Each structure stands twice: as structure tokens, then as C-alpha cells.
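# Structural characterization, general
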Amino acid sequence: GERLPKIALALLALSYASHSFLQNVRYGNPALIWEDVAVEYPRSDLAWGNLGMALAAAGEPGRAAVAFGMATRIDPSNLGLTILAFQNLLRTGVPAETIRPWLARFPLERLSIPDLVNLGSLAREVGETRLARDCYLLALSQSGNYGPAHLRLAELFESAGETEKARRAFANAVRFLPQSREARDGLD
């Protein structure tokens, strides 16, 4: 008689503890959190975009590209998510020749400053250095203190052998990103 309620209570406590443990494991992983949100709100470009960012950070570019693709299907006007989808597709092995034609379709004047820098980085990865330079310079014309644009422009100048321009751009990157080791190393 008395053992049954104690056993039931112990099983209930064990069940609750294992559920809590599994939930904490799941929710200690941002990709799993956003996966749950995307399942709950499948028409949310915000949920899919954040899932893409979490998957990219977790080193899963293929799944990230799919998530970004879902976000851009919901909101085709969000060009930033499209850029991130292409960057992740490139990381999964999609040939640069497949991505290159899409780059000319981006209306640069509609992109935010971070999106311009991301598009510039994508353009550089597929060998479109002129477009990359244009993106970085446009970003800097809109906000001259945006450190990531200075840093990426410096790297572009350095790879093109334009040492003095690279040095000046690295100096600006260090000024606006004083904590960036990448900028300090580039200046050295």
C-alpha cells in the first residue's frame, strides 16, 4: 500500500529531472532553440534567419543556407539574409561560378552598412574584387567609422599589393576596432 505512492512519486521526480536535464541541454544550444521557434512559427523570417545564423556559428553551413533560404522565401526583400545564404552555399562547396551571376543583382543602394560589408566579403570570395571594393567604399561613405569595412578594405588592398592603402585602412580599422587582433596584426 505505502510503497506504490513512494514509487510513483520517485518515478515522477525522475521523469521530471530527466525532462529538465534534456530541456537544459537542448536550450543550451542556440541552434536548437531557433529550430524550435522556426517549427512553432514557420512563417517567421526572423526565426529562420536566426536559425541560419546559429547554424552557421555552429559550423553547419549547409543547414544554415537552407534556413536562410527559408527566410528569404518568406521575405524576399531581406537582401541581407540572401547574402548570408549565398555565403553559406559557397562554404558547402557550391561553385563560385554559380553564385557570381547573382551578385550583379544586388541593389547596393538598398543594403545596410553591415550587408554591404557582407556582400563585399562574398564578392571577394568569388573573385569579384572590384565589386568588393565598391561595397566597402560605399559602406564607408555612409559611415566612415564602421570598423569592419575598414578592416575588409585593408585586407583587399593588402592582397592587391597596395601596401600604403592597406596600412592606412588597417590604421583606421584599429582606431574603430581597438580590440580586434586581426586589425592590429594587419597593421603590424
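Structure's up top.
Owing to the predicted nature of the structure, the values given are computational and were not obtained by experimental measurement.

Interhelical geometry of helix H8 (residues 129-142) versus helix H9 (residues 147-159) gives an angle of 150 degrees and a closest axis separation of 9 Å. On the basis of the axis angle, H8 is roughly antiparallel to H9. The handedness of the crossing between H8 and H9 comes out as left-handed. Each of Thr 129, Ala 132, Arg 133, Tyr 136, Leu 137, Ala 139 and Leu 140 in H8 lies in contact with H9, whose residues at this interface are Ala 149, His 150, Arg 152, Leu 153, Leu 156 and Phe 157.

Another aspect to go through is the side chain of Thr 72. Residue placement: Thr 72 occurs in helix H4 (residues 61-74). In contact with Thr 72, other than residues within four places in its own chain, are Asn 78, Leu 81 and Thr 82.

Let's shift gears to the environment of Arg 91. Mapped onto the fold, Arg 91 is located in helix H5 (residues 79-91). Sequence separation of Arg 91 and Ala 56 is 35 residues, and the distance between their C-alpha atoms is 9.8 Å. Excluding its chain neighbours within four sequence positions, the residues that come into contact with Arg 91 are Pro 61 and Glu 125. Only 2.9 Å separates the side chain of Arg 91 from the backbone oxygen of Gln 87, close enough to count as a polar contact.

Turning next to helix H3 (residues 45-57). A rise of 1.5 Å per residue sets the reference length of H3, with its 13 residues, at 18 Å; its end C-alpha atoms lie 18 Å apart and thus fit the reference within 8%. Where H3 is concerned, the buried positions are Ala 47, Trp 48, Gly 49, Asn 50, Leu 51, Gly 52, Ala 54 and Leu 55. Against the buried residues of H3 lie helix H2 (30-40), H4 and H5. Following H3 by one or two positions, Gly 59 has its phi on the positive side, about 80 degrees.

Parameters and conventions
- Residues numbered from 1 in each chain as written.
- Predicted model: local features only at pLDDT ≥ 70, side-chain atom pairs only at ≥ 80, totals over all residues.
- Heavy atoms only, no water.
- Axes fitted to C-alpha atoms, helices over the stretch in contact; angles between N-to-C directions.
- Helix = DSSP H or I, 4+ residues; strand = E, 2+ residues; numbered from the N terminus.
- Parallel < 35°, antiparallel > 145°, perpendicular 65-115°, else oblique.
- Left-handed = near helix turned anticlockwise from the far one by under 90°.
- Contact = heavy atoms within 4.5 Å.
- Polar contact = N/O pair within 3.5 Å; in protein donor to acceptor, adjacent residues only side chain to side chain.
- Expected span 1.5 Å × (residues − 1).
- Buried < 20%, exposed > 50% of the residue type's maximum accessible area, 1.4 Å probe, protein only.

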